[in-house]
Amino acid sequence: MPVPQPPYLLRLKAKNFRSLRDVDLALGAVNVLVGPNGAGKSNLLDVIQFLGDSVRLDIVGAVQKRGGFDRVLFRGKRTGRRREVQIGIEAAVTKNSNRKSATDNYDLSFSSVRIVNPRTKELRRMGIRREESFLFKRTTGPGRRINLTGSDLTVITGEEETRKLDLSEGTLALATLPRLGPTEGGEQVGALADLFASFRVFDVDVMRAREPSIDDESDDLKDDASNLSAFLRYLKRHHSDVFDQLLRDARQFIPGLESLDFIDVGGTTDATYVALIESGLEGHTPLVDASYGSIRALALLALLYDPNPPRLTCIEEIDHGLHPYVLDRLVELIRGASKKTQFIIATHSPSLVNRLRAEELVVCQRGDEGESLVPAIDPRVVREMEDAGGGELGLGELWFSGVLGGVPE
């Protein structure tokens, strides 16, 4: 059975989660979000982060991390009769799954409940009530369904109920069920939980990336690129061919760059930093003295050349600090890297959007009642508009003109 490849997350549905009153979004290997501030791009990413936090902290912890249930619930007038949040996921991560006919499905709904003293009826605290459902494809037969309602968990294989477990109201099956045996779906639930728990939001902290790395090398690039020097040294030592390719692109992204060197620093603690060897200059330029754009470019290239990335990667404002001249190559690198990791990217750059395919573009817009419209326009309609223009206008011009939506009013 072939190992699943990107895209892993095929569809995301959300109702009443922050500004996402009713969103149903199909996802591909590369997904670029555009739209004005407040249109819901960050909230869309937070749905995935919420599931990852729920795996690590359980659902109560994930809700509390966001300030409580009322901070998670959509605040518009039309939340429905029930104050309930719903999240639906369609993915392809388990070994028997495929994107066409055998997807992995997970549905979660949760609401706030009052927990009172049974004797005095006084409020003790607010709690969370949740319902969950999993549906996985098996090698043969109709598949495996796992349902959790209240404290009753039922595992159904075919038409026969195979097991029941009692779980507390605040315990999430997504976090707990990987401990089940493989015949009961534990391995399948674990694969889905890992998808969300490993989700990476890459947001370069240029000040920290400038500093020497206390590790000699590191095989795991941190989300803020604070160990950039150690990660680049790891690539040079253990993936020299990858490092050489990265260096070739770095010469295009950083004018005047000839090579990269690594300098060991002694003192109370040992450290390593990257030095830029630049044409026309003697000696080297420590990363701490390099420009903002040069550091962002190196960090972004390190991410795109990561030999072992997580399954899901988000990059905020990917083109920030980059010259438009390199955007063609940037999009090529993103598509190449998407063979290993699925991308959800945010940008405000029409120049970058010009280089995209219609199916890679996700237009986000704010509705009249404060709700997020995602996507605000069907990608098929975008393709039709692009074709109707006869190639005179790129996607970026179409978006910037306002005909696709997703621009400030």
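These numbers come from a predicted model, not from an experiment. (Residues numbered from 1 in each chain as written. Predicted model: local features only at pLDDT ≥ 70, side-chain atom pairs only at ≥ 80, totals over all residues. Heavy atoms only, no water.)

Caption draft 1: Just the pairing of strand β7 (residues 144-149), in detail. Of the two faces of β7, only one is covered, namely that formed by Arg144, Ile146 and Leu148; the face formed by Arg145, Asn147 and Thr149 stays uncovered. In terms of strand pairing, β7 meets strand β8 (residues 152-157) through 6 bridges, oriented antiparallel. Looking at the pairing, Thr149 lines up with Asp152 of β8. Counted between consecutive antiparallel strands, the loop separating β7 from β8 contains 2 residues, among which Gly150 sits at a positive phi close to 60 degrees. (Buried < 20%, exposed > 50% of the residue type's maximum accessible area, 1.4 Å probe, protein only. Helix = DSSP H or I, 4+ residues; strand = E, 2+ residues; numbered from the N terminus. Pairing = 2+ DSSP bridges.)

Caption draft 2: Summary view of the packing of helix α6 (residues 228-238) against helix α7 (residues 240-253). Where α6 contacts α7, the axes come no closer than 5 Å and their chain directions differ by 125 degrees. Taken together, α6 and α7 sit at an angle that is classed as oblique. Contacts between α6 and α7 involve Leu232, Leu235, Lys236 and His238 on the former and, on the latter, Ser240, Val242, Phe243 and Leu246. (Axes fitted to C-alpha atoms, helices over the stretch in contact; angles between N-to-C directions. Parallel < 35°, antiparallel > 145°, perpendicular 65-115°, else oblique. Contact = heavy atoms within 4.5 Å.)

Caption draft 3: The arrangement of the sheet that holds strand β11 (residues 257-265) in detail. Reading across the sheet, the 3 strands line up as β11-β12-β13 and stay open at both edges, with antiparallel pairing between neighbours. Two strands close off the open sheet at either side, each with one partner strand: β11 and β13 (285-286). Relative to β13, strand β12 (residues 271-278) is paired through 2 bridges, and the arrangement is antiparallel. By the bridge assignment for β13, Ala275 is matched with Pro286.

Caption draft 4: Fine view of the pairing of strand β3 (residues 30-34). Counting buried residues in β3 gives 5 out of 5 residues, a clear majority hidden from the surface. The two faces of β3 match: Val30, Val32 and Val34 on one face and Asn31 and Leu33 on the other face are all buried. As defined by bridge partners, β3 adjoins strand β16 (residues 361-363) across 3 bridges and the pair is classed as parallel. If you follow Val32 over to β16, its bridge partner there is Leu361.

Caption draft 5: Highlighting helix α9 (residues 327-337). Every buried residue of α9 is listed here: Leu327, Leu330, Val331, Leu333, Ile334 and Ala337. For α9, the buried positions fall inside an angular range of 160 degrees around the axis, keeping them on one side. Tucked inside the fold, the buried residues of α9 contact β3, α7, α8 (292-304), β15 (342-346) and α10 (350-353). (Arc of directions from axis to C-beta.)

Caption draft 6: Fine view of the nonpolar core. In this structure, Phe253, Leu276 and Leu330 are the most contacted members of the largest nonpolar core, which totals 62 residues. Element by element, the count of residues in this core is highest for α8, at 9 residues. Leaving out residues up to four positions away in the same chain, Leu276 has contacts with Ile254, Leu257, Ser259, Leu260, His284, Thr285, Leu287, Ala290 and Leu298. Within the second largest apolar cluster, 58 residues are counted, among which are Phe110, Phe136, Cys314 and Val362. (Core = buried A, V, L, I, M, F, W, Y, C linked by side-chain atoms within 4.5 Å.)

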